[in-house]
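# Examination of the molecular architecture
Here is what each chain is made of, one letter per residue.
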Amino acid sequence: MIVIDRDGVRPMNQLDTQISYHPLPEARNPLAQRYSTESSMGVGRSFCVQQLSGAIDMQTTADFAAALDRVLGRAPEAVVLDMSQVEFVSASGLGILVNFCDEAARLSVPVAVVCSRAIDRPVRACPVDIPIDIHGSVESAGWAVITSAVSH
(Lines give C-alpha, C1' and ligand atoms only; values in the text may rest on other atoms or scores of the structure.)
Protein backbone atom coordinates (compact mmCIF):
# COMPACT_ATOMS: atom_id res chain seq x y z
CA MET A 1 0.00 0.00 0.00
CA ILE A 2 1.20 3.53 -0.70
CA VAL A 3 0.13 6.83 0.73
CA ILE A 4 0.02 10.10 -1.16
CA ASP A 5 0.32 13.12 1.07
CA ARG A 6 1.67 16.64 0.70
CA ASP A 7 5.22 15.26 0.81
CA GLY A 8 4.58 12.94 -2.13
CA VAL A 9 4.24 9.18 -2.54
CA ARG A 10 5.73 6.92 0.09
CA PRO A 11 5.25 3.30 1.17
CA MET A 12 2.88 2.89 4.10
CA ASN A 13 4.05 -0.56 5.15
CA GLN A 14 7.07 0.60 7.08
CA LEU A 15 7.42 0.68 10.85
CA ASP A 16 10.46 2.18 12.52
CA THR A 17 11.27 1.44 16.16
CA GLN A 18 13.79 2.75 18.65
CA ILE A 19 14.28 1.98 22.35
CA SER A 20 15.76 4.50 24.75
CA TYR A 21 15.94 4.89 28.48
CA HIS A 22 15.09 8.14 30.18
CA PRO A 23 16.38 8.98 33.65
CA LEU A 24 14.02 10.00 36.36
CA PRO A 25 13.61 13.78 36.48
CA GLU A 26 16.10 15.86 38.42
CA ALA A 27 15.70 16.25 42.16
CA ARG A 28 14.71 19.92 41.69
CA ASN A 29 11.18 18.67 41.11
CA PRO A 30 9.39 18.05 44.46
CA LEU A 31 7.62 14.99 43.05
CA ALA A 32 10.96 13.47 42.00
CA GLN A 33 12.43 14.20 45.43
CA ARG A 34 9.51 12.49 47.15
CA TYR A 35 9.69 9.39 44.98
CA SER A 36 13.46 9.11 45.10
CA THR A 37 13.40 8.98 48.90
CA GLU A 38 10.26 6.86 49.37
CA SER A 39 10.78 4.10 46.86
CA SER A 40 13.20 1.70 45.28
CA MET A 41 13.06 3.82 42.10
CA GLY A 42 15.75 6.19 43.25
CA VAL A 43 17.55 8.91 41.37
CA GLY A 44 19.58 7.41 38.55
CA ARG A 45 16.91 4.87 37.61
CA SER A 46 15.12 5.11 34.28
CA PHE A 47 12.02 4.17 32.38
CA CYS A 48 11.99 2.61 28.93
CA VAL A 49 10.65 4.56 25.95
CA GLN A 50 9.78 2.53 22.87
CA GLN A 51 9.41 5.01 20.03
CA LEU A 52 7.46 3.91 16.97
CA SER A 53 6.83 5.67 13.68
CA GLY A 54 5.16 4.77 10.43
CA ALA A 55 2.18 2.48 10.08
CA ILE A 56 1.09 -0.60 11.98
CA ASP A 57 -0.82 -2.58 9.40
CA MET A 58 -1.08 -6.13 8.09
CA GLN A 59 2.49 -6.04 6.79
CA THR A 60 4.10 -4.56 9.92
CA THR A 61 2.21 -6.13 12.83
CA ALA A 62 4.93 -8.77 13.24
CA ASP A 63 7.52 -5.99 13.55
CA PHE A 64 5.29 -4.22 16.09
CA ALA A 65 4.87 -7.39 18.15
CA ALA A 66 8.63 -8.08 18.02
CA ALA A 67 9.44 -4.54 19.17
CA LEU A 68 7.07 -4.87 22.12
CA ASP A 69 8.45 -8.32 22.99
CA ARG A 70 11.97 -6.81 23.07
CA VAL A 71 10.76 -4.17 25.52
CA LEU A 72 9.35 -6.68 28.01
CA GLY A 73 12.35 -8.96 27.44
CA ARG A 74 14.56 -6.27 28.97
CA ALA A 75 12.51 -6.38 32.20
CA PRO A 76 11.93 -2.62 32.49
CA GLU A 77 10.49 -1.04 35.60
CA ALA A 78 8.15 1.10 33.51
CA VAL A 79 7.41 1.63 29.80
CA VAL A 80 6.31 4.55 27.67
CA LEU A 81 5.17 3.65 24.16
CA ASP A 82 5.71 6.76 22.05
CA MET A 83 3.30 6.25 19.16
CA SER A 84 3.00 9.97 18.40
CA GLN A 85 4.57 9.43 14.95
CA VAL A 86 2.42 6.40 14.07
CA GLU A 87 0.04 7.30 11.27
CA PHE A 88 -2.20 4.22 11.26
CA VAL A 89 -2.95 1.24 13.50
CA SER A 90 -4.94 -1.70 12.16
CA ALA A 91 -7.32 -3.77 14.27
CA SER A 92 -4.65 -6.47 14.60
CA GLY A 93 -2.17 -3.81 15.73
CA LEU A 94 -4.63 -2.68 18.39
CA GLY A 95 -4.94 -6.30 19.49
CA ILE A 96 -1.16 -6.54 19.86
CA LEU A 97 -1.16 -3.31 21.88
CA VAL A 98 -3.88 -4.64 24.19
CA ASN A 99 -2.02 -7.94 24.64
CA PHE A 100 1.18 -6.04 25.45
CA CYS A 101 -0.58 -3.88 28.06
CA ASP A 102 -2.18 -7.01 29.54
CA GLU A 103 1.16 -8.84 29.77
CA ALA A 104 2.86 -5.77 31.25
CA ALA A 105 0.10 -5.46 33.87
CA ARG A 106 0.53 -9.14 34.72
CA LEU A 107 4.26 -8.45 35.25
CA SER A 108 3.47 -5.27 37.27
CA VAL A 109 5.17 -3.06 34.68
CA PRO A 110 3.32 0.26 34.29
CA VAL A 111 2.71 1.30 30.68
CA ALA A 112 1.65 4.65 29.24
CA VAL A 113 1.00 5.37 25.57
CA VAL A 114 1.74 8.66 23.81
CA CYS A 115 -0.25 9.00 20.63
CA SER A 116 -1.72 11.43 18.14
CA ARG A 117 -5.44 11.91 17.67
CA ALA A 118 -5.40 9.47 14.73
CA ILE A 119 -4.36 6.69 17.11
CA ASP A 120 -6.04 7.99 20.26
CA ARG A 121 -9.57 7.59 18.93
CA PRO A 122 -9.34 3.90 17.90
CA VAL A 123 -7.47 3.02 21.11
CA ARG A 124 -10.12 4.66 23.29
CA ALA A 125 -12.85 2.94 21.26
CA CYS A 126 -11.44 -0.52 22.04
CA PRO A 127 -13.93 -2.36 24.23
CA VAL A 128 -11.36 -4.01 26.49
CA ASP A 129 -11.01 -4.55 30.20
CA ILE A 130 -7.39 -3.44 30.14
CA PRO A 131 -7.15 0.31 30.55
CA ILE A 132 -4.66 1.89 28.19
CA ASP A 133 -3.18 5.00 29.79
CA ILE A 134 -3.00 7.62 27.00
CA HIS A 135 -0.96 10.83 27.17
CA GLY A 136 -0.10 13.73 24.90
CA SER A 137 3.65 13.83 25.62
CA VAL A 138 6.49 11.57 26.65
CA GLU A 139 7.07 13.76 29.71
CA SER A 140 3.47 13.34 30.89
CA ALA A 141 3.56 9.60 30.21
CA GLY A 142 6.91 9.32 32.00
CA TRP A 143 5.49 10.92 35.13
CA ALA A 144 2.50 8.58 34.95
CA VAL A 145 4.60 5.41 34.79
CA ILE A 146 6.98 6.66 37.48
CA THR A 147 4.06 7.42 39.77
CA SER A 148 2.52 4.06 39.03
CA ALA A 149 5.78 2.16 39.53
CA VAL A 150 6.32 3.85 42.88
CA SER A 151 2.87 2.86 44.10
CA HIS A 152 3.48 -0.85 43.38
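Just above sits the structure.
The following refers to the structure shown.

Calculation criteria
Residues numbered from 1 in each chain as written. Predicted model: local features only at pLDDT ≥ 70, side-chain atom pairs only at ≥ 80, totals over all residues. Heavy atoms only, no water. Helix = DSSP H or I, 4+ residues; strand = E, 2+ residues; numbered from the N terminus. Buried < 20%, exposed > 50% of the residue type's maximum accessible area, 1.4 Å probe, protein only. Arc of directions from axis to C-beta. Core = buried A, V, L, I, M, F, W, Y, C linked by side-chain atoms within 4.5 Å. Contact = heavy atoms within 4.5 Å. Salt bridge = Lys/Arg side-chain N within 4 Å of Asp/Glu carboxyl O.

What follows concerns unusual backbone geometry. In the Ramachandran plot, Ala 75 falls in the positive-phi region, its phi being about 50° despite a non-glycine side chain. Locating Ala 75 in the fold gives a position in the loop between α2 (61-73) and β5 (79-89). Residue classification places Ala 75 among the exposed residues on the basis of a relative accessible area of 62%. Unusually for a residue other than glycine, Ser 108 sits at a positive phi of about 60°. You can see Ser 108 is positioned in the loop between α3 (91-106) and β6 (111-115). Classification of Ser 108 as partly exposed rests on a relative accessible area of 45%.

Attention now goes to helix α4 (residues 117-125). Taken together, the buried positions of α4 are occupied by Ile 119, Asp 120 and Val 123. Down the axis of α4, the sector holding all buried residues measures 105°, keeping them to one side. With respect to the buried face of α4, the exposed residues turned more than 90 degrees away are Arg 117, Ala 118, Arg 121 and Ala 125.

Here the focus is the nonpolar core. With 30 residues, the main nonpolar core has Phe 64, Leu 81, Met 83, Leu 97 and Phe 100 as its most contacted residues. Sorting the residues of this core by element identifies β4 (46-56), α2, β5, α3, β6 and α4 as the ones contributing at least two each. Aside from chain neighbours lying at most four places away, what touches Phe 100 is Leu 68, Val 71, Leu 72, Val 79, Leu 81 and Val 111. Within the second largest apolar cluster, 10 residues are counted, among which are Ala 78, Val 114, Ile 146 and Val 150.

Below, the discussion takes up the environment of Asp 69. You can see Asp 69 is positioned in helix α2. Between the C-alpha atoms of Asp 69 and Glu 103, which are 34 residues apart in sequence, the distance is 10.0 Å.

Let us now look at the pattern of salt bridges. A side chain of one charge can pair with a side chain of the opposite charge when the charged atoms of the two come close. Considering all chains together, one arrives at 1 salt bridge under this definition. Put simply, Glu 103 and Arg 106 hold a salt bridge, and the shortest N to O gap is 2.5 Å. Pair noted here: Glu 103 and Arg 106 are both in helix α3, with a separation of 3 residues, about one helical turn. Of the residues examined, Glu 103 reaches a relative accessible area of 28% and is grouped as partly exposed. Its relative accessible area of 58% is what places Arg 106 among the exposed residues.

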